[in-house]
Structures are given as structure tokens and as C-alpha cells.
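The primary structure of each chain is shown beneath.
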Amino acid sequence: MKIHFVASSSDSAQMALERLSLKYGNSHIQDADYVVCLGGDGFMLEALHKVLDRSIAIYGMNYGTVGFLMNAANEEDLVRRLEKAQPSVLHPLHMIATTSEGVVKTALAFNDVFLFRQTRQTSRIKIEIDGRVRLEELICDGIIVSTPAGSTAYNLSAHGPIVPLSSNILPLTPISAFRPRRWRGALLPSTAVVKLTLLDTEKRSTAAVADFTEIRDVVEVVVREDRTRKATILFDPDHGLSERIIAEQFVA
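The notes below deal with the structure included here. Everything quoted here is computed from the prediction, not taken from an experiment.

Remarks on the overall build of the chain
What the chain contains, in helices and strands, is 5 helices and 17 strands. The C-alpha radius of gyration of the chain comes to 19 Å, within 12% of the 18 Å expected for a compact globule of 252 residues. By sequence separation, contacts in the chain at least 24 residues apart represent 65% of the contacts at least 6 residues apart. Total accessible area on the chain is roughly 12,300 Å²; 49% of this is exposed by carbon and sulfur atoms.

Some words on the side chain of Arg204
Here Arg204 is to be found in the loop between β13 (194-199) and β14 (206-210). Judged by relative accessible area, which is 8%, Arg204 ranks as buried. Within the structure, Arg204 has its side chain in polar contact with the side chain of Gln121 (distance 3.4 Å). Setting aside residues no more than four positions away along its own chain, Arg204 makes contact with Gln121, Thr122, Arg124 and Leu199.

Remarks on the pairing of strand β5 (residues 93-99)
The buried count for β5 comes to 5 of 7 residues, which makes it a mostly enclosed element. By the bridge criterion, 6 bridges tie β5 to strand β6 (residues 104-109) in an arrangement that is antiparallel. Residue pairing for β6: Met95 is matched across the bridge by Ala107. Taken together, β5 and the strand that follows it, β6, pair antiparallel across an intervening segment of 4 residues, in which Gly102 is found at a positive phi of about 85 degrees. Of the pairings in the sheet, the one linking β5 to strand β16 (residues 218-225) comprises 7 bridges and is antiparallel in character. Counted as the bridge partner of Ala97 is Val221 from β16.

Remarks on unusual backbone geometry
The amide bond that connects Arg179 to the next residue, Pro180, takes the cis arrangement and shows omega of -10 degrees. Mapped onto the elements, Pro180 comes out in the loop between β11 (169-175) and β12 (186-189). Of note in this structure, Asp53 is not a glycine but carries a positive phi near 70 degrees. As for its placement among the helices and strands, Asp53 is situated in the loop between α2 (41-51) and β3 (57-62). Judged by relative accessible area, which is 43%, Asp53 ranks as partly exposed. Of note, Asp200 is a non-glycine position whose phi angle comes to about 55 degrees, a positive value.

What to know about helix α5 (residues 241-248)
Along α5, the residues classified as buried are Leu241, Arg244 and Ile245. Viewed along the axis of α5, the buried residues span an arc of 100 degrees, placing them on a single side of the element. On its buried face, α5 is in contact with β4 (86-90) and β17 (231-235).

The rules behind the values
Residues numbered from 1 in each chain as written. Predicted model: local features only at pLDDT ≥ 70, side-chain atom pairs only at ≥ 80, totals over all residues. Heavy atoms only, no water. Helix = DSSP H or I, 4+ residues; strand = E, 2+ residues; numbered from the N terminus. Rg over C-alpha atoms; globule rule 2.2 N^0.38 Å. Contact = heavy atoms within 4.5 Å. Areas by Shrake-Rupley, 256 points an atom, 1.4 Å probe, with all protein chains shown as cover. Buried < 20%, exposed > 50% of the residue type's maximum accessible area, 1.4 Å probe, protein only. Polar contact = N/O pair within 3.5 Å; in protein donor to acceptor, adjacent residues only side chain to side chain. Pairing = 2+ DSSP bridges. Arc of directions from axis to C-beta.

Put into C-alpha cells, the structure is as follows:
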């Protein structure tokens, strides 16, 4: 079995990289059967982008903090763990962002796309779903469009719902909504096209973030799920991503 190891910059991940490379070798990614990611959830998101559309699965080992997307940092019998690991296929969100200067930029996100105010002023956002205006003006700190896998991350901390991996649902969750005060967000079909138009942008500048890509001073952001692209992530038996999403809903 040929394994390609990648590691975050943390001391623990770098030391693990050295130990595992000596024990199992470290093949080039083009020749590898598996990619093993050593780090935390943030580094895993970066690694997922690197294996996007490749016919190779990625297995994470937690040398970070939360490790929701990772497996335990057990370095023994890695080959057997990889052979028994269960796959989950993730499709990214595709973001098209237009800046105040008219520049159009694109990015992909496996966790979420979110808008957030850049200054002390709140953002004002018009929300359109599939070409139909659903909210003329949301006054808020920002808004999140999440994947099911990302529903347990920023979306959850903003009091958004956790949704199962197989639900084909995208949570749309406001961040500190002021008006409408009681609007808690929406659950959208995964086929939905979400258009977010920023209002009063000269006074209220807003940034758009897709995973680890940040674009400043946006005036319009369009988000949709891209089912033509995918990455496969592996989990130890009985600890798959679907099980983790369910279990997270019962954490006190």
C-alpha cells in the first residue's frame, strides 16, 4: 500500500509526519493509494481541496483540537485501518463573488460560504433563492450557507440546524440578525441557487469567505452546490461522518 502523508505546521503533526514516513514510507500523491492528513479540521479542509476530483480518498488523523473531520491519532496498524475505513463523499459549494470594483472571483467550500461585516456597521443583505426574492433586507453581522458536513461547524455556533449528510439540504443561517429580529434562517434544497446582494455597500463593507478563501468588499455573492465535483473522506468503522453528525445533536 502506498500512502502520501501531509501534515500541518504544528509540532505534534510534524513529529507524527516524521515517525509515520519512516514506518510506512511517503509516496508521491500521484502514485499513492491513500492520502493521510495529519492535523486538525482546518488543515483537513485545505487537504480536501488538494484531492478534489482525484480518484484517491483522504484519511485524517487528529493532531489539532476538535477533530470533527478526523480519526483518532493512533499510529499503529495504519494499513489495516485504511483498509477498513468507511468512505463519505462530499460535494463542495461553488461561490461566485463580485467585488465593489467589478472583479469576479470564484472559490469552493466543503464547510460553508459566509458573509461577514468588515466594520462596526451591520451588513444589509437581500436574499434571492432560485431567482425569487425571499427577503428584501436582512440587517445582520452576516449570513452562512452551509453544507451538511459543515452544519456542525460555524453554522451550529450561529444557532443553525444540524442536518444529516444524506439530507440534500443546505442550511441558510443568519449571524446576529437584527432585522427581521426573529428570522432564524431557512433549510434549502441542495439544488437551490442562493444570491446574496449587499445593500448600502459604500458605508457597509462586507467580506465573503469560502472555507479558507476570503474576498473583501463584495457587492454580490452567488452560491450553489456543485454536484459535478467531489472528494472522498475516510472514517474508522462506527465513527463515520453521518454518525458524527447525528451524535453531535445529543452533545450537552
